[in-house]
Amino acid sequence: MNSSSRQRRLTAAALTALAVTVTATACSSGSGSTGTENAGSGTYTIWDPYPQFDKTSDWAKLLDQCGTKAGVKIKRTGYDTSDLGNKTLLAAQQGNSPDVLIVDNPVVSTLAEAGVLTTTADNKLDTSKVDPNLLAAGQSGGKTYGTPIGANTLALYYNKKILKQAGVDITSVKDWTSLTAALAKVKKAGKKGITFSAIGTEEGSFQFLPWFWGAGAKLTELDSAQAVSALSLWKDWLKQGYAPNSVLNNTQTTSWQEFATGDYAFSENGTWQLANAKKAGFDYGVLPIPAANGGNAAAPTGGEFVTVPVQKDTGRYATSQKLATCLTSTANLYDTDTTLSYVAPTAEVQDKQVAANPDLKPWVEAVKSAKGRTSDDLGTKYPKISEQLWKAVQSALSGSQSPGGALSAAQSAAK
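Residues numbered from 1 in each chain as written. Predicted model: local features only at pLDDT ≥ 70, side-chain atom pairs only at ≥ 80, totals over all residues. Heavy atoms only, no water.

Let's talk about the state of the cysteines
Here, the word disulfide means a covalent bond between the sulfur atoms of two cysteines. Filter applied, for reference: Count a disulfide wherever a pair of cysteine sulfur atoms falls within 2.5 Å. Helix and strand definitions here come from DSSP, where helices need a minimum of 4 consecutive H or I residues and strands a minimum of 2 consecutive E residues; each element is numbered from the N-terminal end. A 1.4 Å probe rolled over the protein chains alone gives each residue an accessible area, and that area as a share of the maximum for its type sets the label: buried under 20%, exposed over 50%, partly exposed in between.
Going through the model one piece at a time under the given rule, you end up with one disulfide. Across the disulfide from Cys-66 sits Cys-326; the S-S distance is 2.0 Å. Across the S-S bond linking Cys-66 and Cys-326, the dihedral sits near -75°, which makes this disulfide left-handed. Remark: Cys-326 occurs in helix α14 (residues 317-327) and Cys-66 occurs in helix α3 (residues 58-70); sequence separation between them is 260 residues. Accessibility classification places Cys-66 together with Cys-326 in one group, the buried group.

Right under this line is the structure:
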């Protein structure tokens with residue numbers, strides 16, 4: 001694709017969609033290309049969403065090592081996740097894209113539809129070992145636009161002491177009915193049930209999706225009976241006092257802080273809280289979120305994709321491919337995903353992670369059941385759908401509308 005046609009596709013719609021698609025995960029969180037002479041040498045730029053890692057970090061050292069292996073120097077810039085997508089679109093408009101871009105997975109389809117990214121068919125990135133459900137987050141229009149560097153997702157943390165006091169056997173919690181029964185026992189024992197985030201932002205949608213998908217609902221049918229059953233579940237938990245009214249304003253961080261007090265039996269939260277869980281001072285466990293009728297619900301994936309943006313000088317792609325391949329190689333993924341608190345995107349490295357840290361086993365199970373928010377070829381449609389979904393959750397939980405009424409309004413607005 002030539003530069004002028006690419007720029008025509010960098011529309012205001014793409015910028016708007018990207019502004020709405022703000023990461024909901026605690027994904028941890030590159031400046032434009034240099035001269036195009038001697039494409040197999042010189043300096044290559046990498047942008048990533050990890051500003052917390054400075055040049056002395058293991059992450060920065062890995063980038064330099066991959067550069068040395070490819071015979072080039074690396075100029076790396078770390079941006080906040082919320083800034084990175086918009087900066088990438090603007091750089092593409094100016095014909096100054098980074099050579100390698102590591103970006104939050106929901107943003108991939110927006111950048112792809114705007115003509116910013118090359119496909120894996122074009123750039124020769126090998127994705128054959130990647131779990132298909134994780135790779136789907138980087139697919140749009142039947143094409144793949146990168147490869148995941150790792151993934152995180154949601155599950156249920158539980159306080160073993162509280163469950164024991166309430167007479168709850170965690171192995172009995174296998175579906176919504178048994179989970180709700182466990183919450184009833186916890187309340188009867190004088191303890192608090194479950195905390196989560198239902199805030200009116202992408203974080204609220206992110207946390208609702210496991211229940212939405214776990215009911216069998218689809219994002220293209222927000223007002224289905226299955227969707228209503230999922231929202232009714234949360235509504236009933238608030239009505240029965242199993243969940244606090246604070247969930248309406250809880251971010252995932254404040255929700256975690258509630259669980260960390262030791263007063264709650266369950267908390268819906270992510271892989272990124274493992275380090276904090278170990279510091280909480282009480283014995284805890286992790287359970288994949290159950291689907292309505294049993295089995296593991298699909299939870300949304302967080303995590304980034306390594307992508308290769310479109311360049312004026314196509315001769316740069318060969319080296320960019322070497323850099324991307326190095327970063328996502330089996331040899332490097334284990335250390336990288338340990339640093340980022342991610343589950344690896346390949347079974348081989350996942351097995352290595354669990355062998356080294358058995359606490360990751362339920363997270364690997366959750367990731368294997370997980371689903372990209374833009375999967376099902378939703379692409380740039382997702383942000384608008386998500387906004388209506390979190391509004392419906394807020395409306396129903398606050399009591400201003402019934403779950404059915406709120407979701408019916410959401411579906412109409414999302415069309």
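Quick notes on the pairing of strand β9 (residues 264-270)
Stated precisely, the cut-off is as follows: Strands were regarded as paired on the criterion that DSSP finds at least two bridges between them.
Most of β9 sits out of view: seven of its seven residues are buried. Two elements, strand β7 (residues 154-159) and β9, share five bridges in a ladder whose sense is antiparallel. Counted as the bridge partner of Leu-156 is Glu-268 from β9. Sheet topology note: the strand β8 (residues 192-195)/β9 ladder contains three bridges and is parallel.

Describing the side chain of Asn-159
Which entries qualify depends on this criterion: In the analysis that follows, any N or O atom pair within 3.5 Å is treated as a polar contact, provided that within protein one partner can donate a hydrogen and the other can accept it, and provided that, for residues neighboring in sequence, both atoms belong to side chains. Any two residues whose heavy atoms approach within 4.5 Å are treated as being in contact.
Of note, Asn-159 is situated in strand β7. Residue classification places Asn-159 among the buried residues on the basis of a relative accessible area of 3%. From its side chain, Asn-159 meets the backbone nitrogen of Ile-162 in a polar contact 3.2 Å long. Discounting residues that sit within four places of it in the chain, Asn-159 has contacts with Phe-259, Gly-262, Tyr-264, Ala-265, Phe-282 and Asp-283.

Comments concerning unusual backbone geometry
A positive phi angle is found at Lys-124, which is not glycine, with a value near 65°. With respect to the helices and strands, the residue Lys-124 is situated in the loop between α6 (120-123) and α7 (132-135). For Asp-376, which is not glycine, the phi dihedral falls at a positive 65°. Here Asp-376 shows up in the loop between α17 (361-369) and α18 (382-398).

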